[in-house]
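Overview (structure and organization)
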Amino acid sequence: NLKLVAKQITSIEINHELQVSVNKLILATGHSARDIFELLQKNRIELKAKPFALGVRVEHTQAYIDQIQYHGRLNDEYLPPASYSLVTQVNERGVYSFCMCPGGIIAPCATDTQEVVTNGWSPSKRNNIYANSGIVVGVEPSDFLNPTDPFVCLDFQKEIERKCWEAAGQTQRVPAQRLKDFIDGKVSTEFPRSSYQPGIVSVNLHTIFPAFIAERLRQAFLDFDKKMPGFITNDAVLHAPESRTSSPVLIPRDPLSFQHIQINNLYPIAEGAGYAGGIVSAAIDGLNCLEKISQENQA
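Here is a short report on the structure shown in this document. (Residues numbered from 1 in each chain as written. Predicted model: local features only at pLDDT ≥ 70, side-chain atom pairs only at ≥ 80, totals over all residues. Heavy atoms only, no water.)

A sheet is described by the order of its strands in space; here seven strands give the open sequence β7-β8-β11-β6-β14-β12-β13, paired in mixed fashion. Taken across any chain shown, the strands that pair with only one partner, and hence form the sheet edges, are β7 (87–90) and β13 (200–202). Mean inter-strand twist for the sheet, computed between neighbouring axes without regard to direction, equals 30°. Here five bridges tie strand β8 (residues 93–101) to strand β11 (residues 130–139), and the two strands are oriented antiparallel to one another. In the strand pairing of β11, Tyr96 is matched with Val136. Along the sheet, helix α2 (residues 62–69) contacts β6 (52–61) and β11; its crossing angle with β6, the most-contacted strand, is approximately 95°. Contacting β6, β11, β12 (174–178), β13 and β14 (237–242), helix α3 (residues 152–167) crosses the sheet at an angle of about 35° to β6. (Pairing = 2+ DSSP bridges. Helix = DSSP H or I, 4+ residues; strand = E, 2+ residues; numbered from the N terminus. Axes fitted to C-alpha atoms, helices over the stretch in contact; angles between N-to-C directions. Contact = heavy atoms within 4.5 Å.)

Shown next as structure tokens:
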């Protein structure tokens, strides 16, 4: 919990027990710390809806991606497992690959009950037989009827994660569809394989995503197949959802001081505050914040 006096945080309460006095509070949570958003809202600290991106995680075999990227050659002692980076515009909205994992694995990353979330990772040797990547569509607060609601994008993120949980049987299995079947709007009758260990369930993903997501994904895959001929294949499997690309909520701060626009000694930084999109950018944002605080102390 937080204790505020005269637009400043004077102490924080940890685990409903420990009281810690503070004169400067750097808030550096991850982008999935939804309880922090709720805590700030409860204390009437201003939040804003923030654009983010949401879609699927697509998995090919690594050998197949190698053949596309290396023109028929496989990775060896001279060539690493091939990766890719794809981006396009569909109806004035970006669709792009996110966190591409050569030689990687799709992992369950839910942070609460009654939801499923996918993410990808690669072992250091990139030696798994699979290659996966998020393929995501930009989502804006203006896509919804109440764009000024600070939780409008967060609520949409929750809705999709819950729908996927329900559609796949209310376990940590996830809805899945072969890539070409998704393009054609057909339910997949079987799957070649999946690195996602809890398991996958055949679902027409067009019933999961609203049209503004599903149709942009479909059009983007068609464009990606022109940039990487052969990318669309029924040997590739879509897993849903890839939904934790960045924070769907912004904790607004002054661009010069890095302090919250209402709270004088609160410094929201990095991914959870909406100012970074990965490990490196979060670290840089943290360093910049410390530099601002150091300048204040010297003034």
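From this point, the discussion proceeds with the structure in view.
Next up on the list: the pairing of strand β1 (residues 2–5). Bridge count for β1 against strand β2 (residues 8–14) is four bridges, and the pairing is antiparallel. The residue bridging Leu2 from the neighbouring strand is Ile12, located in β2. Joining the antiparallel neighbours β1 and β2 is a turn of two residues, in which Ala6 adopts a positive phi near 50°.

Under the 1.5 Å per step criterion, the end-to-end length of helix α5 (residues 211–227) is 24 Å for 17 residues, consistent within 8% with the ideal 24 Å. All buried positions along α5 are accounted for by Ile213, Ala214, Arg216, Leu217, Ala220, Phe221 and Phe224. Looking down the long axis of α5, one finds its buried residues gathered within 165° of arc, a one-sided arrangement. For α5, the exposed residues set more than 90 degrees away from the buried face come down to Ala211 and Lys226. (Expected span 1.5 Å × (residues − 1). Buried < 20%, exposed > 50% of the residue type's maximum accessible area, 1.4 Å probe, protein only. Arc of directions from axis to C-beta.)

Let us now look at the pattern of salt bridges. Following the criterion strictly, the structure yields 15 salt bridges and no others. Between Arg244 and Glu115 there is a salt bridge, with the nearest N and O atoms lying 3.1 Å from each other. Placement of the pair is Arg244 in the loop between β14 and β15 (249–250) and Glu115 in the loop between β9 (105–108) and β10 (118–121), with a sequence separation of 129 residues. Here Lys180 makes a salt bridge to Asp184, at a shortest N to O gap of 2.9 Å. (Salt bridge = Lys/Arg side-chain N within 4 Å of Asp/Glu carboxyl O.)

By secondary structure assignment, the location of Asn265 is in the loop between β15 and β16 (266–268). In terms of polar contacts, Asn265 uses its side chain to reach the backbone carbonyl oxygen of Ile9, at 2.7 Å. Excluding residues that lie within four positions of it along the chain, Asn265 makes contacts with Gln8, Ile9, Val22, Asn23, Lys24, Leu25 and Gln259. (Polar contact = N/O pair within 3.5 Å; in protein donor to acceptor, adjacent residues only side chain to side chain.)

The three strands lie next to each other as β1-β2-β3, forming an open sheet whose pairing is antiparallel. The sheet is open, and its two edges are formed by β1 and β3 (18–21), each paired on a single side. The sheet shows a mean angle of 20° between the axes of neighbouring strands, taken without regard to direction.

Our next topic: the nonpolar core. Buried together is how nonpolar side chains tend to be arranged in soluble globular proteins. Core analysis: the biggest nonpolar cluster contains 49 residues, and Val56, Leu179, Phe209, Leu217, Phe221 and Phe231 have the highest contact counts within it. Taken together, the elements giving at least two residues each to this core come down to β6, α2, β8, β11, α3, α4 (179–184), α5 and β14. Apart from the residues lying within four places of it in its own chain, the contact partners of Phe231 are Val58, His60, Ile68, Tyr84, Leu86, Leu179, Phe221, Phe224 and Asp225. Residues Leu25, Leu27, Ala33 and Phe37 belong to the second largest nonpolar core, which totals 20 residues. (Core = buried A, V, L, I, M, F, W, Y, C linked by side-chain atoms within 4.5 Å.)

For the structure on display, the rule yields eight aromatic pairs. Seen from their ring centres, Phe221 and Phe231 are 6.3 Å apart, and the 20° between their planes marks the pair as stacked. Here Phe221, found in helix α5, pairs with Phe231, found in the loop between α5 and β14; they are 10 residues apart in sequence, far enough to count as distant. There is no split in this pair, since Phe221 and Phe231 are both buried. Members of the aromatic cluster, each reached through a chain of ring pairs, are Tyr84, Phe182, Phe221, Phe224 and Phe231. Arg253 extends its terminal NZ or CZ atom over the ring of Phe258, reaching a point 3.9 Å from the ring centre. Of note, Arg253 hangs over the ring of Tyr275, and the distance from its end group to the ring centre comes to 3.7 Å. (Phe/Tyr/Trp six-rings, centres within 6.5 Å; stacked < 30°, edge-to-face > 60°. Lys NZ or Arg CZ within 6 Å of the ring centre and 35° of its normal.)

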